[in-house]
Every structure is written in C-alpha cells, then in structure tokens.
Amino acid sequence: MTKLRPLAGLLSKIVLGTALAVSLSGCVAMAVGGAATAVLSANDRRTLGMQTEDKAINVKAELKLRELTGENGHINVTSYNRKVLLTGEVRDDAMKQAAEREVRAIDNVVSVINELEIAGPSSFTSRSNDALITTKVKASLVDKKTVSATAFKVTTERGIVYLQGLVTAREGNIAADVAKGVPGVVKVVKIFEYIADEDPRANQAAPSQG
C-alpha cells in the first residue's frame, strides 16, 4: 500500500515542474515536459490507443478552427475519450455553431461539448491566469490522497474550471470540491464519464490509504 506514495510525490513535483518549464527555454523545457507526459500517460485510465486518438483529434480540430476563426476568435480544444470540449471566444453565434460542426465532422469524435462564449478574444493576462489556475488545480488533486490525480483532465477558461475524466461518482465530487477551493476559480463544471467503483480502472494508480 505504501509503494504508491512516491508516485504521488513524483506527480506533484512533475505538475509544478511543468509549470516552471514555461519559464525555461529550448531542450530543457522539452525534457521536463517529456518526462511529465511519460509518467502521466502511463497512469492515464484511457488506453494508449485512446490517448493517441485524442491527440489526433486535438491536432485536427485546432487546425480546422484556426482557419475558421482567424483573428476573430480564440478556441481551445480538449479531447478526452473522443468527447471534445470547446472553450474560448468567438465573434458570433454563426461562428460558434460552425466551430461545432467542423469538430463533429472529424473522424472518431463521439460528441462535442460547446462552451464557447460570444465575445472578443481573451487577453494574454486572462489566459496566463487561467493556465496558473489549471496548474494549481492539478497540484491540489495530486496532494489529495483519496483520488488519483491522473484520472482527471483540467481545463480553465475565464476562471471557469472544466473537469473531464473516467471517474467514480465519489472521485468526481471530491475533485470538484478540490477545484472550488483553489483561489481564482469562478465556477466548476463537471464533464465526467462515470465508472462503477468495482471497475478496475477505479483502482488504477489509486492512492495509498495507509
């Protein structure tokens, strides 16, 4: 039971190290980011194949949406288990609906959660603040010993935290409470796929209770 404690400590360091990597340059930043990705991927509840599909969906969607919005929008794409979350700002409702259609047309996309706001593109300061909130939420989940932090995908937009993941109802509620306690969080939106407590994935990388 105690063997997993070093993993929690390692993940906590990686989350904070990834944030610090933003201020680093060149190969050093790439190395830190690569180490974080390797550890997190190994403990992700999605299969490796699903993780690969989600990455492909992200790339395709970002390319399509960049062409669609140009300078008139700012859209973030987060695919988890082939369910795509769209956050950010677009010029009007027509662009919002067009963005959703473009993403739905991508191979392997199961559904689209369209959380786009009709507004001007957010400022660099706002986006930096959102990135910091995301980092703090992730670190807080790592510190929480009753859930597996790697089960969650965290996205922040204008202070609103979106939580995705393959989790039990208990884990989802705990994660939402953790996120609400992070300074700067305006609202928490749960976009989970719930699994049963007896599902083997619920025990994957589970924290030690001893």
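Placed above this text is the structure.
As the structure is a computational prediction, the values presented were derived from the model and not from experiment.

Chemist: If you had to explain the pairing of strand β5 (residues 160–167) to someone new, which residues and values would you point to?
Modeler: Counting buried residues in β5 gives eight out of eight residues, a clear majority hidden from the surface. Burial along β5 is two-sided: the residues Ile-160, Tyr-162, Gln-164 and Leu-166 and Val-161, Leu-163, Gly-165 and Val-167 are all buried. Hairpin geometry of strand β4 (residues 152–157) and β5 is characterised by an intervening segment of two residues between the two adjacent antiparallel strands and by a positive phi of about 55 degrees at Arg-158. One ladder, built from eight bridges, connects β5 with strand β6 (residues 187–194); its direction is parallel. Residue pairing in the sheet places Leu-163 in a bridge with Lys-190 of β6. Taken together, β5, helix α6 (residues 169–180) and β6 constitute a β-α-β crossover, and its handedness is right-handed.

Chemist: Outline the pattern of salt bridges, supporting the account with residue identities and numerical values.
Modeler: With the rule as written, the count across this model stands at eleven salt bridges. Between Glu-102 and Lys-64 there is a salt bridge, with the nearest N and O atoms lying 3.5 Å from each other. Pair noted here: Glu-102 is in helix α4 (residues 93–104) and Lys-64 is in helix α3 (residues 48–69), with a separation of 38 residues, a long-range link. Residue classification places Lys-64 among the partly exposed positions, given a relative accessible area of 34%. In this structure, the salt-bridge partner of Asp-199 is Arg-201, at a minimum N-O distance of 2.9 Å. Assessed through its relative accessible area of 17%, Asp-199 is described here as buried.

Chemist: Could you give an account of the pairing of strand β2 (residues 83–90), with specific residues and numbers?
Modeler: Burial of β2 is extensive: seven of the eight residues sit out of reach of the surface. Both strand β1 (residues 74–80) and β2 contribute to a ladder of seven bridges, which runs antiparallel. Within β2, the residue paired with Val-77 across the bridge is Leu-86. Taking the residues that link successive antiparallel strands as the turn, the β1-β2 hairpin has two residues, and the phi of Asn-81 there is positive, at about 55 degrees. For β2 and strand β3 (residues 111–118), the ladder comprises eight bridges, and the chain directions are parallel. Among the inter-strand pairings, Glu-89 is bridged to a residue of β3, identified as Glu-117. Running through α4, the crossover from β2 to the neighbouring parallel element β3 is right-handed.

Calculation rules
Residues numbered from 1 in each chain as written. Predicted model: local features only at pLDDT ≥ 70, side-chain atom pairs only at ≥ 80, totals over all residues. Heavy atoms only, no water. Buried < 20%, exposed > 50% of the residue type's maximum accessible area, 1.4 Å probe, protein only. Helix = DSSP H or I, 4+ residues; strand = E, 2+ residues; numbered from the N terminus. Pairing = 2+ DSSP bridges. Right-handed = clockwise from strand over helix to strand, strands pointing away. Salt bridge = Lys/Arg side-chain N within 4 Å of Asp/Glu carboxyl O.

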